[in-house]
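# Observations on chain architecture
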Amino acid sequence: MSLRIDIDDSAPPYEQVRAQISEQARSGALPVGYRLPTVRGLAETLGLAANTVAKAYRALEADGVIETRGRNGTVIAAAGSAAQREAASAAQAFAERVRRLGLTEEEALAAVRDALRAAYGA
């Protein structure tokens, strides 16, 4: 696992950790079942506070990217399908909401494009 924190990045350190682990899990660089370092261990390696890494791990667990197995540590979960299901559910809720608001399909798609550009910094 290779992580790098850029202090000049506008994203907070916990978000950088979350995004990098998530991307490495999605790409297969971190395979399902890969055991992640402990919160304290990763915090020391990266020069971060343990709470910063813990916040990133909590977000990754909420996203279904990792799972904590008690004494067996924290591992990469089989998250691809879980992430896709959650995205599909969010998309469905969005579609229903914009329809109730009376937006056209084009207006709804424009809102999604703007939100994605903002989220991905494009």
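To be clear, the structure that these remarks concern was listed above.
Note that this is a predicted model, so its numbers are computed, not measured.

The secondary structure content of the protein amounts to five helices and two strands. Overall, the protein shows an N-to-C arrangement of helices and strands of α-α-α-β-β-α-α. C-alpha extents for the protein along the principal axes are approximately 50 × 35 × 25 Å. A buried classification covers 24% of the 122 residues belonging to the protein. Sequence-distant contacts in the protein: of pairs separated by 6 or more residues, those separated by 24 or more amount to 46%.

It is worth spelling out the packing of aromatic side chains at this point. This structure, assessed with the given rule, holds zero aromatic pairs. Lying across the ring of Tyr 14, Lys 55 places its NZ or CZ 4.1 Å from the centre.

This paragraph deals with the nonpolar core. By size, the foremost hydrophobic cluster in this structure holds 17 residues, and its most contacted members are Val 17, Ile 21, Leu 42, Tyr 57, Ile 66 and Ile 76. The leading source of residues in this core is helix H3 (residues 50–62), at four residues. If we skip the residues at most four places from it in the chain, Leu 42 touches Met 1, Leu 3, Val 17, Ile 21, Pro 37, Val 53 and Tyr 57.

Parameters at a glance
- Residues numbered from 1 in each chain as written.
- Predicted model: local features only at pLDDT ≥ 70, side-chain atom pairs only at ≥ 80, totals over all residues.
- Heavy atoms only, no water.
- Helix = DSSP H or I, 4+ residues; strand = E, 2+ residues; numbered from the N terminus.
- Buried < 20%, exposed > 50% of the residue type's maximum accessible area, 1.4 Å probe, protein only.
- Contact = heavy atoms within 4.5 Å.
- Phe/Tyr/Trp six-rings, centres within 6.5 Å; stacked < 30°, edge-to-face > 60°.
- Lys NZ or Arg CZ within 6 Å of the ring centre and 35° of its normal.
- Core = buried A, V, L, I, M, F, W, Y, C linked by side-chain atoms within 4.5 Å.

All we've got here are geometric facts, nothing functional implied.
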